[in-house]
Amino acid sequence: QVQLVESGGGLVQPGGSLRLSCAASGSIFSINDMGWYRQAPGKQRESVAVIMRGGVTNYADSVKGRFTISSDNAKNTVNLQMNSLKPEDTAVYYCKVVHSSAFGRYTVWGQGTQVTVSS
C-alpha cells in the first residue's frame, strides 16, 4: 500500500510564491508519473503539472512560466514551485502518483492541501 503526504500549502498574497511537496511511501516498485492537480470551489479537478518517468513534464497553459514541477526519484518525492501566484490559483491542490508492480498499475491521491491567494 502506498501513502502520500503533502505539505506546503497556505495563504499568500498575489505575486507571492509557495512550494508544495509530496512524499510517497510504502510498497513502491516503480513510479510511472507524479503530478499535481487542483480543484477550486464549484469546479472540476484539473491537471496542473505532471512529471513522467524520465523527466518529461507537462503543464496546464494557465501555469506555464510560473510553476515548476520537480521530482527526486531516490526519495519518491515531487515538488511544485509556484511563483507569481494569482487569486485564480486558489484551490485545493492534490498530489497524484501512478505506480506499477508485478500485479498491475495503481493510482494514489494525496489528501489535498489548501492554497489561498488573496490580499
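Residues numbered from 1 in each chain as written. Predicted model: local features only at pLDDT ≥ 70, side-chain atom pairs only at ≥ 80, totals over all residues. Heavy atoms only, no water.

Asker: Before we move on, could you go through the overall build of the chain and cite the residues and values that matter?
Answerer: The helix and strand tally for the chain stands at 0 helices and 11 strands. Listing every helix and strand of the chain by position from the N terminus yields β-β-β-β-β-β-β-β-β-β-β. Dimensions of the chain, computed from the C-alpha atoms along their principal axes, are close to 50 × 25 × 25 Å. Looking at the chain as a whole, 44% of its 119 residues qualify as buried. Put simply, the chain shows about 6,400 Å² of open surface, and 49% of that area lies on carbon and sulfur atoms. With 11 positive and 7 negative side-chain charges, the chain shows a separation of 3 Å between the mean positions of the two kinds. (Helix = DSSP H or I, 4+ residues; strand = E, 2+ residues; numbered from the N terminus. Buried < 20%, exposed > 50% of the residue type's maximum accessible area, 1.4 Å probe, protein only. Areas by Shrake-Rupley, 256 points an atom, 1.4 Å probe, with all protein chains shown as cover. Lys, Arg positive; Asp, Glu negative; His and termini not counted. Charge placed at Lys NZ, Arg CZ, Asp CG, Glu CD.)

Asker: Break down the sheet that holds strand 1 (residues 2-7) for me, with residues and values.
Answerer: Pairing is antiparallel across the open sheet formed by 4 strands, whose spatial order is 1-3-8-7. Two strands lie at the open edges of the sheet, namely strand 1 and strand 7 (67-72), each paired on one side alone. Between one strand axis and the next, the sheet turns through 15° on average, direction left out of account. Where strand 1 meets strand 3 (residues 18-26), 6 bridges bridge the pair, whose relative direction is antiparallel. (Pairing = 2+ DSSP bridges. Axes fitted to C-alpha atoms, helices over the stretch in contact; angles between N-to-C directions.)

Asker: Summarise the pattern of salt bridges; cite the residues concerned and give the values.
Answerer: Evaluated as defined, the whole model comprises 4 salt bridges. Salt-bridge contacts for Asp61 lead to Lys64; the nearest nitrogen and oxygen are separated by 3.1 Å. The salt bridge involving Asp89 is made with Arg66; its shortest N-O contact spans 2.8 Å. Of the two residues, Asp89 is situated in the loop between strand 8 (77-82) and strand 9 (91-101) and Arg66 in the loop between strand 6 (57-59) and strand 7; the sequence distance between them amounts to 23 residues. Judged on exposure class, the residue Asp89 and its partner Arg66 are both buried. Through salt bridges that share partners, Arg38, Glu46, Arg66 and Asp89 make up one connected network. (Salt bridge = Lys/Arg side-chain N within 4 Å of Asp/Glu carboxyl O.)

Asker: Describe the packing of aromatic side chains, with residues and values.
Answerer: Applying the stated criterion to the full structure yields 2 aromatic pairs. Ring geometry for Tyr37 and Trp109: centres 5.1 Å apart, planes at 65°, overall edge-to-face. Of this pair, Tyr37 sits in strand 4 (residues 30-39) while Trp109 is found in strand 10 (residues 104-109), placing the two residues 72 residues apart along the sequence. Judged by its relative accessible area of 14%, Tyr37 is buried. Taking relative accessible area as the criterion, Trp109 reaches 35% and is therefore assigned partly exposed. With centroids separated by 6.5 Å and ring planes inclined at 85°, the aromatic side chains of Tyr94 and Trp109 adopt a geometry described as edge-to-face. Here Trp109 lies in strand 10 and Tyr94 lies in strand 9, a separation of 15 residues in the sequence. Following the ring pairs from residue to residue traces out a cluster consisting of Tyr37, Tyr94 and Trp109. Positioned above the aromatic ring of Tyr94 is the side chain of Arg45, whose terminal nitrogen or guanidinium carbon lies 3.7 Å from the ring centre. The ring of Trp109 is capped by Arg45, whose NZ or CZ atom sits 4.6 Å from the centre of that ring. (Phe/Tyr/Trp six-rings, centres within 6.5 Å; stacked < 30°, edge-to-face > 60°. Lys NZ or Arg CZ within 6 Å of the ring centre and 35° of its normal.)

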